[in-house]
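The primary structure of each chain is shown beneath.
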Amino acid sequence: CVVAQVIDLTERRTEESEISKQQRDREQFLQQQRDLMMRHTLQVGEGSAFGPRSSHVARPLSRALSSPLVALGPTDGPIPIPAPVINHCSRGGLPRGVATTGLAFDSLMLKHTCICGDNSSHPEHGGRLQSVWARLVETGLVQRCDRVRSRKATFEEIQTCHSEAHALLFGTNPLNRQKLDMSKLSQLPIKSFVRLPCGGIGVDSDTTWNELHTAPAARMAVGCVVDLAFKAATGDIKNGFAIVRPPGHHAETSQAMGFCFFNSVAIATRLLQQRLDVRKILILDWDVHHGNGTQQMFYDDPRVLYLSIHRHDDGNFFPGTGGPTECGIGEGLGRNINVAWSGGLAPPMGDAEYLAAFRTIVMPVAKEFAPDVVMVSAGFDAASGHPPPLGGYKVSPACFGHMTQQLLQLADGKIVLSLEGGYDLPSICDAAQECVRALLGDEPSPLKEEELKKTPCQNAIDTLQKTIAIQLSHWPCIKRTAHLALCSAMDAVQKEHEESETVTAMAGLSMQQQTSALQTPEHSRDPSEEPMDQDDAK
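None of these values were measured; they are calculated from a predicted model.

A. Just the overall build of the protein chain, in detail. From N to C terminus, the protein chain includes 17 helices and eleven strands. Residue burial in the protein chain is summarised as follows: out of 538 residues, 55% are buried. The contacts of the protein chain with a sequence gap of at least 6 include a subset with a gap of at least 24, amounting to 80%.

What follows is the structure, encoded as structure tokens:
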């Protein structure tokens, strides 16, 4: 059933003037994206990558193409392609038995699109995936990775994190849905879909629904993330990146929202626990929006550490959850950490601020937690190029690469990234490329010197200090790194080096004192004088 009124799933009300301003900004951004896609008409050769799946590309997506930052014509030099490897197997030219980075992607996920047929009015469209995949192909990175066979998740897998009614409503086609017990569907917050201004249908004003293609795409996204996580956990691959859509971290147990239907990262995490008995899992979420669904699903679970870095603005940025005092409940208390940036865009957060979060909170806590597997909700909407309603921050692609490189220190490198948000095509292509290069062991592109020398802005310092104060009782280790929030990345490296040298020197001095004490000659005492004689003399 279709209704004319849009349901506000977040139960928030915004002033009409603010809504109008955000709508104008968003329309301008979408127009820019449409212009980029129309100017660059290179299309990925689906036949070479997917064989018989080439016919699955939907018509409106045929113009959603490679990032304009990839050279399309004559260039000053060739695009760097790795030297060919003799193909001893069917794993992208890699010798059998060599574990490498796994990639998961399927063109079926491109078909989830609004029935209005006009992607230009929807930031979350198939061109995102098509552009990222094109970039990885063009730069030779796909050739160096292991293509993981894609599949759709089963209903049993989806129901590890979602209610039965939710899984049935958003995971079945129209024919099967007619057979459902309507009493189960009545338990859901959503009782009907809504008619969108573009003429399409959605769960809310942002989350579009296509009766034929959304359910298969959502299940495919989950299946890709699950299998990639299992292969990383068992050592079949070193690490992985799931290039999937629709995204998942906003999806709650019985609620689809924010472009998300099924929470792929959460489902993969739960299945790692249930089927492989993985004891400790870190979920790092660096999407600019808080992963309300993921937090909800593990809020009382001590085996999962959920750590999110996101724009919060004191609850005034979508979805409004993820405040710094949300630390978990019950046995999960202390297993939920929100680095909730506030202060709006004055100035926007960038590399200096994200690097500060990593050195003061993320890495110290992650090392202390010592996870067996790391799952990353890798949204790239904190990257430069996104207008304020969709992010507004200035994180560089190189910074995402450096964050990925740091995470490889954890869990013996068993890291799986899953694409969440990110809507500016050049930015998400650059960021994805940097992350895959880091996963493969390449050195990330250098960060700008000005960012390395820059002290985090005061709003960021306030956020980090507040988060540390709240989490200190759960994670005493961050007391040692708290002072690094006040300095630049370069200064932080120097301070850590000096502190390390001091600790080493003190340890050496302590050893010398112990050795000196042990080497004190026993014959320094008068041999004729026994201890008892000394006591008597007193």
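Read on, since the account is not over.
B. Local environment of the side chain of Arg359. Tracing the backbone through its elements, the reader meets Arg359 in helix α11 (residues 351-369). We note that Arg359 is buried and unpaired, the nearest opposite charge coming from Glu496 at a distance of 6.7 Å. From its side chain, Arg359 meets the backbone oxygen of Cys487 in a polar contact 2.5 Å long. Residues within four places of Arg359 in sequence aside, it is in contact with Pro364, Pro456, Thr481, Leu484, Cys487, Ser488, Ala489 and Ala492.

C. Spotlight on the confidence of the model for the protein chain. Residues at a pLDDT of 70 or more form 73% of the protein chain, whose mean pLDDT is 83. By mean pLDDT, helix α2 (residues 46-50) is the weakest element of the protein chain at 35, and strand β7 (residues 281-285) is the strongest at 99. Under a pLDDT of 50 for its full length, residues 530-538 has, in the predicted model, three contacts with residues more than four places off or in other chains.

D. The packing of α11 against helix α12 (residues 397-407), seen in detail. At a closest axis distance of 10 Å, the pairing of α11 and α12 adopts a crossing angle of 10°. With respect to α12, the element α11 is oriented roughly parallel. Considering only the axes of α11 and α12, their crossing is right-handed. Between α11 and α12, the residues in contact are Asp351, Tyr354, Leu355, Phe358 and Met363 and Cys399, Met403, Gln406 and Leu407, respectively. Counted by class, the contact of α11 with α12 contains seven nonpolar, one polar and one charged residues.

E. Broad picture of helix α15 (residues 458-471). Relative to the 20 Å expected for 14 residues at 1.5 Å per residue, α15 spans 20 Å between its end C-alpha atoms, a close match to the ideal helical length. What α15 keeps buried is the set Ala460, Ile461, Thr463, Leu464, Thr467, Ile468 and Gln471. Mapping the buried residues of α15 onto a view down its axis gives an arc of 160°, with all of them on the same face. The secondary structure elements touched by the buried residues of α15 are β9 (336-341) and α11.

F. Representation of the pattern of salt bridges in the model. All told, the structure shown has 15 salt bridges when counted by the stated rule. For Glu124, the salt bridge goes to Arg128, with nearest N and O atoms at 2.7 Å. Neither Glu124 nor Arg128 differs from the other in exposure class; each is buried. In this structure, the salt-bridge partner of Glu449 is Lys453, at a minimum N-O distance of 2.7 Å. Placement of both Glu449 and Lys453 in helix α14 (residues 449-453) is noted, with a separation of four residues, approximately one turn of the helix. Overall, the relative accessible area of 47% leaves Glu449 in the partly exposed class. A single network of salt bridges, built from pairs that share partners, joins Arg144, Glu434, Arg437 and Asp442.

G. Up close: the environment of Thr160. Checked against the element boundaries, Thr160 lands in the loop between α4 (155-158) and α5 (164-171). With 109 residues separating them in the primary sequence, Thr160 and Thr269 have C-alpha atoms 9.8 Å apart. Dropping the residues within four chain positions of it, Thr160 is found in contact with Ile267, Arg270, Leu271 and Gln274. A distance of 2.6 Å separates the side chain of Thr160 from the backbone oxygen of Glu157, its partner in a polar contact.

H. Looking closely at unusual backbone geometry. Of note, the amide linkage connecting Phe318 to Pro319 takes the cis form, showing an omega dihedral of 0°. Structurally, Pro319 can be placed in the loop between β8 (304-311) and β9. Geometrically, the link from Ala346 to Pro347 is a cis peptide bond, its omega value of 0° lying close to zero. Residue position: Pro347 is located in the loop between β9 and α11. One non-glycine residue with positive phi stands out, namely Asp313, at about 50°. Topologically, Asp313 is positioned in the loop between β8 and β9. A relative accessible area of 11% places Asp313 in the buried class.

I. Quick look at the pairing of β9. Burial within β9 is extensive, with six of its six residues counted as buried. Across the two faces of β9 the burial is the same, with Asn336, Asn338 and Ala340 and Ile337, Val339 and Trp341 all buried. Taken together, the six bridges between β8 and β9 define a ladder with parallel strand orientation. Looking across to β9, one finds that Arg311 is bridged to Trp341.

J. Here's a closer look at the pairing of β8. By the criterion of burial, β8 is predominantly enclosed, with eight of the eight residues buried. Burial of β8 is two-sided: the residues Val304, Tyr306, Ser308 and His310 facing one way and the residues Leu305, Leu307, Ile309 and Arg311 facing the other way are all buried. Relative to β8, β7 runs parallel, the two being bridged by five bridges. Bridging across to β8, Leu282 finds its partner in Leu305. Taken together, β7, helix α10 (residues 292-297) and β8 form a β-α-β motif whose crossover is right-handed.

Reading the values: rules and limits
- Residues numbered from 1 in each chain as written.
- Predicted model: local features only at pLDDT ≥ 70, side-chain atom pairs only at ≥ 80, totals over all residues.
- Heavy atoms only, no water.
- Helix = DSSP H or I, 4+ residues; strand = E, 2+ residues; numbered from the N terminus.
- Buried < 20%, exposed > 50% of the residue type's maximum accessible area, 1.4 Å probe, protein only.
- Contact = heavy atoms within 4.5 Å.
- Lys, Arg positive; Asp, Glu negative; His and termini not counted.
- Salt bridge = Lys/Arg side-chain N within 4 Å of Asp/Glu carboxyl O.
- Polar contact = N/O pair within 3.5 Å; in protein donor to acceptor, adjacent residues only side chain to side chain.
- pLDDT = per-residue confidence, 0-100.
- Axes fitted to C-alpha atoms, helices over the stretch in contact; angles between N-to-C directions.
- Parallel < 35°, antiparallel > 145°, perpendicular 65-115°, else oblique.
- Left-handed = near helix turned anticlockwise from the far one by under 90°.
- Nonpolar A, V, L, I, M, F, W, Y, C, P; charged D, E, K, R; others polar.
- Expected span 1.5 Å × (residues − 1).
- Arc of directions from axis to C-beta.
- Pairing = 2+ DSSP bridges.
- Right-handed = clockwise from strand over helix to strand, strands pointing away.

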